[in-house]
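So the chains spell out like this:
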Amino acid sequence: MSSFIETEPQGFLSEHKFLNACCLVLTPLTPRQCLQETQAIERRLGRREKTEDCRYHDRTIDIDLLLYDDLHVRETGLTLPHPRMQEREFVMTPLCEIEGTSHEL
């Protein structure tokens, strides 16, 4: 697991900062099952709205699947690798930390 980093929200205005981190997990779940489980965790922790049409808002938690082995998936509601992860330093910094690499945006 990476360190936590605190960042300003991106894509919308908010008085709240975000905590970001990445973790690597070993799972017997398929990518779709993993998405379903992470969304269930979000709901248990109080998340009620999903981001739609790139309209962002404050949320208690947001769990994104970034990569799943070397798979490339394009399904309704699930794209792997995450399509915008390389555009987001708040994703790439902790991801590179756990991969032991550096990055440039």
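Going by the structure above, here's the rest.
Structural notes, computed from the coordinates. What you are looking at is a predicted structure, and each value in this text was computed from that prediction instead of being measured.

1. Section: the overall build of the chain
- Counting its regular elements, the chain contains 2 helices and 4 strands.
- From first element to last, N terminus to C terminus, the chain shows the α and β order β-β-α-β-β-α.
- Counting across all 105 residues of the chain, residues that qualify as buried make up 29%.
- Considering only intrachain contacts with a sequence separation of at least 6, the fraction spanning at least 24 residues in the chain is 43%.
- When the accessible surface of the chain is totalled, it reaches about 7900 Å², and 50% of it is carbon and sulfur.

2. Observations regarding the nonpolar core
- Ranked by size, the top nonpolar core spans 8 residues in total: C22, L66, M85, F90, V91, M92, L95 and C96.
- Ignoring sequence-local partners within four residues, the contact set of V91 consists of C22, L66 and M85.
- Counting 7 residues, the second-largest nonpolar core is a separate cluster that includes C34, V73, L78 and L80.

3. Brief notes about the environment of T7
- Inspection of the secondary structure puts T7 in strand β1 (residues 5-7).
- Sequence-wise, T7 and F18 are 11 residues apart; in three dimensions their C-alpha atoms are separated by 5.2 Å.
- Residues within four places of T7 in sequence aside, it is in contact with K17, F18, N20 and F90.
- Within polar-contact distance, the side chain of T7 engages the side chain of N20 at 2.8 Å.

4. Quick look at helix α1 (residues 31-44)
- The terminal C-alpha atoms of α1, which comprises 14 residues, lie 20 Å apart, in line with the 20 Å expected from a rise of 1.5 Å per residue.
- Residues of α1 that are buried include every one of P31, C34, L35, T38, A40 and E42, and no others.
- In the core, the buried residues of α1 are packed alongside β4 (78-80).
- With its phi angle positive at about 100°, G46 sits one or two positions after the end of α1.

5. Section: helix α2 (residues 89-99)
- Among the residues making up α2, those that are buried are F90, V91, M92, P94, L95 and C96.
- At its buried positions, α2 is contacted by β1 and β2 (18-20).
- Of the residues one or two after α2, G100 is the one with positive phi, at around 70°.

6. Structural notes on unusual backbone geometry
- Between L80 and the following residue, P81, the backbone shows a cis peptide bond with an omega angle of -10°.
- Tracing the sequence through the fold places P81 in the loop between β4 and α2.
- Even without a glycine there, the phi angle at D69 is positive, about 50°.
- Along the chain, D69 falls in the loop between α1 and β3 (73-75).

Basis of the calculations
Residues numbered from 1 in each chain as written. Predicted model: local features only at pLDDT ≥ 70, side-chain atom pairs only at ≥ 80, totals over all residues. Heavy atoms only, no water. Helix = DSSP H or I, 4+ residues; strand = E, 2+ residues; numbered from the N terminus. Buried < 20%, exposed > 50% of the residue type's maximum accessible area, 1.4 Å probe, protein only. Contact = heavy atoms within 4.5 Å. Areas by Shrake-Rupley, 256 points an atom, 1.4 Å probe, with all protein chains shown as cover. Core = buried A, V, L, I, M, F, W, Y, C linked by side-chain atoms within 4.5 Å. Polar contact = N/O pair within 3.5 Å; in protein donor to acceptor, adjacent residues only side chain to side chain. Expected span 1.5 Å × (residues − 1).

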